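Working through the structure, step by step
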Amino acid sequence: MKIQVTIAVLAALAAASTGAQADVVGNAKAGAGKVAACIGCHGIPDYRTAYPEVYRVPKLGGQNARYLETALQEYKKGDRKFQTMHANAASLSDQDIADIAAYYAAQTPATQNNPNK
């Protein structure tokens, strides 16, 4: 009986957390005001980091919003290992992440501040 109750509680918690994320809708306009830290690396053409390893910083403009959200959530949790990104993502709310993802996903090569240029 305890196992069934435990499974039911875990299922309810999983459903609640999934539902909470599903309610978050990104706003590209709001995201424009939240990307200052991103631009410091991702806004520099052909930028490469030197620490902790040489790494070419990817361009974000035009990327799929869901991909960006997933990546930021993984950096936030520490599932993706890059300390600079973890430090930046750790302070972001789910809404911030959705807004930033929407902002970059809405960009095209013609967008004025698009890091793809």
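Going by the structure above, here's the rest.
Residues numbered from 1 in each chain as written. Predicted model: local features only at pLDDT ≥ 70, side-chain atom pairs only at ≥ 80, totals over all residues. Heavy atoms only, no water.

Description of the pattern of salt bridges
For the structure shown, the criterion picks out 5 salt bridges. The partner of E69 in a salt bridge is R66, with the nearest N and O atoms 3.2 Å apart. Taken together, the residues E69 and R66, both in helix α4 (residues 65-77) and 3 residues apart, mark about one turn of the helix. On the basis of relative accessible area, R66 is assigned to the exposed category, the value being 52%. The network of salt bridges with common partners includes K34, D96 and D99. (Salt bridge = Lys/Arg side-chain N within 4 Å of Asp/Glu carboxyl O. Helix = DSSP H or I, 4+ residues; strand = E, 2+ residues; numbered from the N terminus. Buried < 20%, exposed > 50% of the residue type's maximum accessible area, 1.4 Å probe, protein only.)

Describing the nonpolar core
Of all hydrophobic cores here, the largest spans 15 residues; its most connected members are V35, L72, L92, I100 and Y104. Those elements that place two or more of their residues in this core are α4, α5 (83-89) and α6 (94-105). Among the elements that make up this core, the one with the highest residue count is α6 (5 residues). (Core = buried A, V, L, I, M, F, W, Y, C linked by side-chain atoms within 4.5 Å.)

With respect to α6
Helix length check: α6, at 12 residues, gives a terminal C-alpha distance of 16 Å against a target of 16 Å (1.5 Å per residue), a fit within 8%. The set of residues buried in α6 consists of I97, A98, D99, I100, A101, A102, Y103 and Y104. In the core, the buried residues of α6 are packed alongside α2 (28-32), α3 (36-42) and α4. (Expected span 1.5 Å × (residues − 1). Contact = heavy atoms within 4.5 Å.)

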